[in-house]
Amino acid sequence: MYALLEIRGKQYKVKENSTILVPGWEEIKPEEVKVLMVKDEANTVVGTPFVEGAEIEFEPVKQIRTKKIKVRRFKAKVNYHRKKSHRIRYTILRINGIKTSVLTEG
């Protein structure tokens, strides 16, 4: 069984016991996770726009930062140099389970 999720405007395909990278370090509330589609071996349920009665159990595992990205600006002949850098922050989520009452009814 797998599901398509929408978290903070991005879509993820998840299975049970899988991990995903979600941008940001803020706490992710269960109401922020919206289920777009659920599929098992025999049935597929596509939401309009979301699947009612479907829930995803997840837990944050770790917060990480990527490698430093360096941004340099340069203009020739005018002595203009600028240097900046940043690191993108991610939260690793573990998907513990996909619960749905929609597949068992139909």
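Residues numbered from 1 in each chain as written. Predicted model: local features only at pLDDT ≥ 70, side-chain atom pairs only at ≥ 80, totals over all residues. Heavy atoms only, no water.

A. Here's a closer look at the overall build of the protein chain. Secondary structure summary: the protein chain contains one helix and nine strands in total. The N-to-C order of helical and strand elements in the protein chain reads β-β-β-β-β-β-β-β-β-α. Over its C-alpha atoms the protein chain spans a radius of gyration of 20 Å, topping by over 25% the 13 Å that the globule rule assigns to 106 residues. Structurally, the protein chain occupies a C-alpha span of about 70 × 25 × 25 Å along its principal axes. Taken over 106 residues, the protein chain has a buried fraction of 29%. Intrachain contacts of the protein chain at a sequence separation of at least 6 include 63% that bridge at least 24 residues. When the accessible surface of the protein chain is totalled, it reaches about 7900 Å², and 48% of it is carbon and sulfur. Each charge class in the protein chain can be summarised by its mean position, and for the 23 positive and 13 negative side chains these summaries are 24 Å apart. (Helix = DSSP H or I, 4+ residues; strand = E, 2+ residues; numbered from the N terminus. Rg over C-alpha atoms; globule rule 2.2 N^0.38 Å. Buried < 20%, exposed > 50% of the residue type's maximum accessible area, 1.4 Å probe, protein only. Contact = heavy atoms within 4.5 Å. Areas by Shrake-Rupley, 256 points an atom, 1.4 Å probe, with all protein chains shown as cover. Lys, Arg positive; Asp, Glu negative; His and termini not counted. Charge placed at Lys NZ, Arg CZ, Asp CG, Glu CD.)

B. Spotlight on the side chain of S18. As for its position among the elements, S18 is in strand β3 (residues 18-23). In terms of polar contacts, S18 uses its side chain to reach the backbone carbonyl oxygen of K15, at 2.6 Å. (Polar contact = N/O pair within 3.5 Å; in protein donor to acceptor, adjacent residues only side chain to side chain.)

C. Representation of a positive patch on the surface in the model. There is a patch of like positive charges on the surface, built from R65, K68, K70, R72, K83, R87 and R89. Position of R87 relative to the elements: it lies in the loop between β8 (80-86) and β9 (89-100). (Patch = residues over 30% accessible without salt bridge, like charges linked within 9 Å, V, L, I, M, F, W, Y side chains within 5 Å. Salt bridge = Lys/Arg side-chain N within 4 Å of Asp/Glu carboxyl O.)

D. Expanded view of the side chain of T91. Positionally, T91 belongs in strand β9. Taking the relative accessible area as the measure of exposure, T91 reaches 4% and is therefore buried. Polar contacts involving the side chain of T91 include one to the main-chain carbonyl oxygen of G24, which spans 2.6 Å. In this view, T91 contacts I20, L21, V22, G24, W25, P60, K62 and Q63; residues no more than four positions away in its chain are not counted.

Remember, this is a structural readout, not a statement about activity or role.
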